[in-house]
Amino acid sequence: MMVSEEFVLNLIDCQAKLYSYVLSLTGNKNDTHDILQETNKSILEKAVDFTPGTSFSAWASKIAYYKVLSYHRDAQRESLLFNAELLKEISEKSISKNEQYDRRLGSLFHCLEQLPDDHQRLLKQRYQEEKSLEEIAGIWGRTYNGITSLLYRLRLALIDCVDKSLQLEDGL
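Residues numbered from 1 in each chain as written. Predicted model: local features only at pLDDT ≥ 70, side-chain atom pairs only at ≥ 80, totals over all residues. Heavy atoms only, no water.

### Let's talk about the side chain of S61
Stated formally: Strands are runs of DSSP state E lasting at least two residues, helices are runs of H or I lasting at least four, and both sets are numbered from the N terminus onward. Should any heavy atoms of two residues lie within 4.5 Å, those residues are considered in contact.
Residue position: S61 is located in helix α4 (residues 56-78). Excluding anything up to four places from it in sequence, S61 contacts L18 and Y21.

Here you go:
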């Protein structure tokens, strides 16, 4: 079966989130890797079932959830690890946290776009290019303390912007 490039990109994009989700449900890195492989295999096998325009991450997480349930069912044969209700509760909380994270990240990108170009460039140099504060101070012709202070103010402004954006979104 042939899957679209967009489907593959969605699958690649959600790997870290799926890994975190499965790890939160298993608590074991080795088992998480095995379950994630099985999950990815199932996702590819069920590609025709995915409805474009819906949340790929939520759909993939549901498949991962069933793979984890299967893992725990098999593990229970050896010893009692989790009960199904506890696993369901952990899963729901993990999905909720992922949704909150996605919302905050989306708001952060929106807030970053609203900053002046020079402030965007400064943040990019520090956090994407991982330049040291000393390097940035030299590039900008400012003191180390001046750059530190500016970055601090930018982080506070971004936090405030994200919080306000989410409050507006929630209608508060």
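### A look at the state of the cysteines
Using the following cut-off: Defined by distance alone, a disulfide is two cysteine sulfur atoms within 2.5 Å.
Under the criterion given, the structure shown has one disulfide. A disulfide bridge connects C111 with C161, and the sulfur atoms are separated by 2.0 Å. One disulfide, between C111 and C161, carries an S-S torsion of -85 degrees and so falls in the left-handed class. On the criterion of sequence distance, the pair formed by C111 in helix α5 (residues 84-114) and C161 in helix α8 (residues 144-170) is long-range, its members being 50 residues apart.

### Observations concerning the packing of helix α6 (residues 117-128) against α8
We apply this condition: Axis definition: a line fitted to C-alpha atoms, over the contacting stretch in the case of helices. Angles run 0 to 180 degrees between N-to-C directions. If an angle is under 35 degrees, it is roughly parallel; if it is over 145, roughly antiparallel; if it lies from 65 to 115, roughly perpendicular; otherwise it is oblique. Residues are grouped as follows: nonpolar covers Ala, Val, Leu, Ile, Met, Phe, Trp, Tyr, Cys and Pro; charged covers Asp, Glu, Lys and Arg; every other residue, Gly included, is treated as polar.
Their axes nearest at 11 Å, the elements α6 and α8 cross at an angle of 105 degrees. Between α6 and α8, the interaxial angle falls into the category roughly perpendicular. Here H119, L122, L123, R126 and Y127 of α6 come into contact with α8, specifically with I147, L150, L151, L154, R155 and L158. Grouping the constituent residues of the contact of α6 with α8 by class yields eight nonpolar, one polar and two charged.

### Considerations on the environment of V48
Tracing the sequence through the fold places V48 in the loop between α3 (29-45) and α4. For the pair V48 and V3, spaced 45 residues apart in sequence, the C-alpha to C-alpha distance is 8.2 Å.

### A few points about the pattern of salt bridges
Opposite charge on two side chains permits them to pair, given that their charged atoms come into close proximity. Cut-off, in case you're wondering: Salt bridges, as used here, are contacts in which a Lys or Arg side-chain nitrogen is within 4 Å of a carboxyl oxygen on Asp or Glu. Residue burial is assigned from relative accessible area. The probe radius is 1.4 Å, only protein chains are included, and a residue is buried under 20% of its type maximum, exposed over 50%, and partly exposed in between.
Under the counting rule described, the total for this entry stands at six salt bridges. Note that R103 is salt-bridged to E169, the shortest N-O span being 2.8 Å. Placement of R103 in helix α5 and of E169 in helix α8 is noted, with a sequence separation of 66 residues between them. Note on E169: relative accessible area 52%, which makes it exposed. Note that K131 is salt-bridged to E129, the shortest N-O span being 3.8 Å. For E129, a relative accessible area of 41% gives the class partly exposed.

### Section: the environment of L69
Take L69: it is sitting in helix α4. Sequence-wise, L69 and L18 are 51 residues apart; in three dimensions their C-alpha atoms are separated by 15 Å.

### Here we look at the nonpolar core
Burial of nonpolar side chains together is a common tendency in soluble globular proteins. The criterion, for reference: We define the nonpolar core as a collection of buried residues of types Ala, Val, Leu, Ile, Met, Phe, Trp, Tyr and Cys that are connected through side-chain atoms lying within 4.5 Å of one another.
Grouped together as the largest cluster of nonpolar side chains are 21 residues, with contacts concentrated most on F7, L18, I43, F56 and W59. Put simply, the parts of the chain that give this core at least two residues each are α1 (5-13), α2 (15-26), α3 and α4. Not counting chain neighbours up to four residues away, the residues in contact with L18 comprise L36, N40, I43, A60, S61 and A64. Residues L133, A137, L151 and L154 belong to the second largest nonpolar core, which totals 14 residues.

Remember that the coordinates give geometry; whether it matters functionally is a separate question.
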